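Structural characterization, general
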Amino acid sequence: MSVKRLGAELERALRVRPKGAPLAGRKSDDTPGCDDKKRAGALLEANRARLELLQNRLHAESRRSLLVVLQGMDTSGKDGAIRHALTAFNPLGCYAYAFGVPSEVERSHDFLWRIHQVVPAAGEVAIFNRSHYEDVLVVRVKELVPRAVWSRRYDAINAFEHELAERGTTVLKFFLHISREEQRERLLARVHDPEKHWKFREGDLEDRERWSEFRAAYSDALARCNTAWAPWYVIPADRKWYRDLAISQIVADALERMDPRTPAVTLDVPRLEKRLAP
Ligand code: ADP
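Residues numbered from 1 in each chain as written. Predicted model: local features only at pLDDT ≥ 70, side-chain atom pairs only at ≥ 80, totals over all residues. Heavy atoms only, no water.

The next point concerns the overall build of the chain. The number of helices and strands found in the chain is 13 helices and five strands. Rg of the C-alpha trace for the chain: 20 Å, near the compact-globule value of 19 Å for 278 residues, within the 12% margin. Once the C-alpha set of the chain is aligned to its principal axes, its extents read approximately 70 × 45 × 45 Å. When each of the 278 residues of the chain is scored for burial, the buried share is 49%. Sequence separation of 24 or more characterises 82% of the internal contacts of the chain that already satisfy a separation of 6 or more. Each charge class in the chain was averaged separately, 47 positive and 41 negative side chains, and the resulting centres sit 3 Å apart. (Helix = DSSP H or I, 4+ residues; strand = E, 2+ residues; numbered from the N terminus. Rg over C-alpha atoms; globule rule 2.2 N^0.38 Å. Buried < 20%, exposed > 50% of the residue type's maximum accessible area, 1.4 Å probe, protein only. Contact = heavy atoms within 4.5 Å. Lys, Arg positive; Asp, Glu negative; His and termini not counted. Charge placed at Lys NZ, Arg CZ, Asp CG, Glu CD.)

The following block contains the structure:
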């Protein structure tokens, strides 16, 4: 399958549709568009080259920006996707930001305050490892605020993302979809590998115990905040190689559609050649 056809297939298979339950019938070990790991590796490399070139142009153009939001349960591969698919970006003009439990200062503001401070400026790419969606996910499941508070947030998020889009930020949102069984294996790998012990927090098991509640919260967030200006994609993420390919493809295609241009500069080449004569 060509890169172009793969892009069309991923849009069809992974983009959340306007109607219906966003997670119904989706398998976390699916591989639409590419079921061959070796081929996926070659396509990923091709996409990394596209990401590098297009980001360079976005940076040079310095008018618009790109925001990539990564959400998913623990071990779903948010860090891995950044490392394998998105490090093709030049750190000059790109940054990743991880949102943890809000600080006291952050909690004393509205929930979008801390987000707004780190959205990408013109010419920049920002990658969010977790995001404002935590405020309708963990906050809802663990009842950290009353229902009346979190239930208003979907509209607030849509308005916020609309504002970003209006000022030239392309917003792409990825839910990394893993199965409960796959999570069990990844958590066990952490337990068995001393190098990974630092990543293991026993508290994370509480989220695992509330798997179906998180799934319901994700389903609502994906349904209610899937807008034309900030679409959601459900990435089957049990297979890491597929996850990386799908994300690299969707991000590269979006950048291509943005079509960033380096500023048109007319140089007097003969004159400059003369000045650069040995
Ligand atoms: P990660 O698990 O992503 O590798 P951390 O160990 O720092 O990173 O965990 C971040 C934790 O912060 C997660 O458990 C997440 O649910 C929590 N968190 C993020 N945003 C919020 C929020 N707005 N309110 C409460 N908890 C949050």
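After that view, the rundown keeps rolling.
Counted by the stated rule, this structure contains 21 salt bridges. A salt bridge links Lys199 to Asp79, with the shortest nitrogen-to-oxygen separation between them at 3.9 Å. One end of the pair, Lys199, is in the loop between α9 (180-192) and α10 (204-209); the other, Asp79, is in helix α3 (residues 78-86), with 120 residues separating them in the sequence. A relative accessible area of 34% places Asp79 in the partly exposed class. Its salt-bridge partner being Arg186, residue Glu182 comes within 2.8 Å of it at the nearest N-O pair. With Glu182 and Arg186 both in helix α9 and four residues apart, this pair spans about one turn of that helix. Taken individually, Glu182 and Arg186 each receive the classification buried, so the pair is uniform in this respect. Through salt bridges with shared partners, one network takes in Arg50, Asp253 and Glu256. (Salt bridge = Lys/Arg side-chain N within 4 Å of Asp/Glu carboxyl O.)

A word on the site of the ligand. Close contacts around the ligand come from 13 residues, with Asp74, Val101, Arg114, Arg130 and Glu134 the closest. In this structure, a nitrogen atom belonging to the ligand sits 3.2 Å away from a side-chain N or O atom of Asp135. Here an oxygen atom of the ligand and a side-chain polar atom of Arg201 are 3.3 Å apart. In isolation the ligand exposes 570 Å². Once the protein is present, 75% of that is buried. (Near = heavy atom within 4 Å. Polar contact = N/O pair within 3.5 Å; in protein donor to acceptor, adjacent residues only side chain to side chain. Areas by Shrake-Rupley, 256 points an atom, 1.4 Å probe, with all protein chains shown as cover.)

Moving on: the side chain of Asp207. Inspection of the secondary structure assignment puts Asp207 in helix α10. If sequence neighbours within four positions are ignored, Asp207 has contacts with Met73, Asp74, Lys142 and Phe214.

All right, on to helix α11 (residues 211-224) then. Here α11 contains 14 residues, and its C-alpha end-to-end distance of 20 Å stays within 8% of the 20 Å for a straight helix at 1.5 Å per residue. Taken as a whole, α11 has its buried residues at Trp211, Phe214, Ala217, Tyr218, Ser219, Ala221 and Leu222. (Expected span 1.5 Å × (residues − 1).)

So, about the sheet that holds strand β2 (residues 94-98). Here five strands make up an open sheet; going across it, the order is β2-β3-β1-β4-β5 and the pairing parallel. This sheet does not close on itself; its edge strands, each paired only once, are β2 and β5 (232-236). Looking at each pair of strands side by side, their axes are set apart by 20 degrees on average, direction ignored. Across five bridges, strand β4 (residues 169-177) lies against β5 in parallel orientation. Paired with Phe175 across the bridge in β5 is Val234. Packed onto the sheet, helix α12 (residues 240-258) meets β1 (65-72), β4 and β5 and runs at close to 165 degrees relative to β4. (Pairing = 2+ DSSP bridges. Axes fitted to C-alpha atoms, helices over the stretch in contact; angles between N-to-C directions.)

Looking now at the pairing of strand β3 (residues 125-129). Of all five residues that make up β3, five are buried, and the element is covered over most of its length. Neither face of β3 is exposed, since Val125, Ile127 and Asn129 on one face and Ala126 and Phe128 on the opposite face are all buried. Sheet topology places β1 next to β3; five bridges connect them, and they run parallel. Pairing of Val69 across the sheet is with Phe128, part of β3.

You can see Ala121 is positioned in the loop between α5 (113-116) and β3. On a C-alpha basis, the gap between Ala121 and Glu106 in space is 21 Å, while along the polypeptide they are 15 residues apart.

Right, let's get into the nonpolar core. Core analysis: the largest hydrophobic core is formed by 77 residues, its most contacted members being Phe89, Phe174 and Val251. With eleven residues, the top contributor of residues to this core is α12. When near neighbours in sequence (up to four residues on either side) are disregarded, Phe89 contacts Leu51, Gln55, Leu66, Cys94, Val125, Ile127, Val251 and Leu255. (Core = buried A, V, L, I, M, F, W, Y, C linked by side-chain atoms within 4.5 Å.)

Counted under the stated rule, the structure contains seven aromatic pairs. Where Tyr133 meets Trp232, the ring centres are 4.8 Å apart and the plane angle is 70 degrees; that geometry is what we call edge-to-face. Placement of the pair is Tyr133 in the loop between β3 and α6 (138-141) and Trp232 in strand β5, with a sequence separation of 99 residues. The class of Tyr133 is buried, set by a relative accessible area of 0%. Residue Trp232 is classed as buried on the basis of its relative accessible area of 0%. Consider the rings of Trp150 and Tyr154, whose centres lie 6.4 Å apart with planes at 85 degrees: the pair is edge-to-face. Take Trp150 and Tyr154: they sit in the same class, and that class is buried. By way of ring pairs, the aromatic residues Tyr97, Phe99 and Phe128 are connected into one cluster. Here the basic side chain of Arg153 rests over the ring of Phe111, its NZ or CZ set 4.6 Å away from the ring centre. (Phe/Tyr/Trp six-rings, centres within 6.5 Å; stacked < 30°, edge-to-face > 60°. Lys NZ or Arg CZ within 6 Å of the ring centre and 35° of its normal.)

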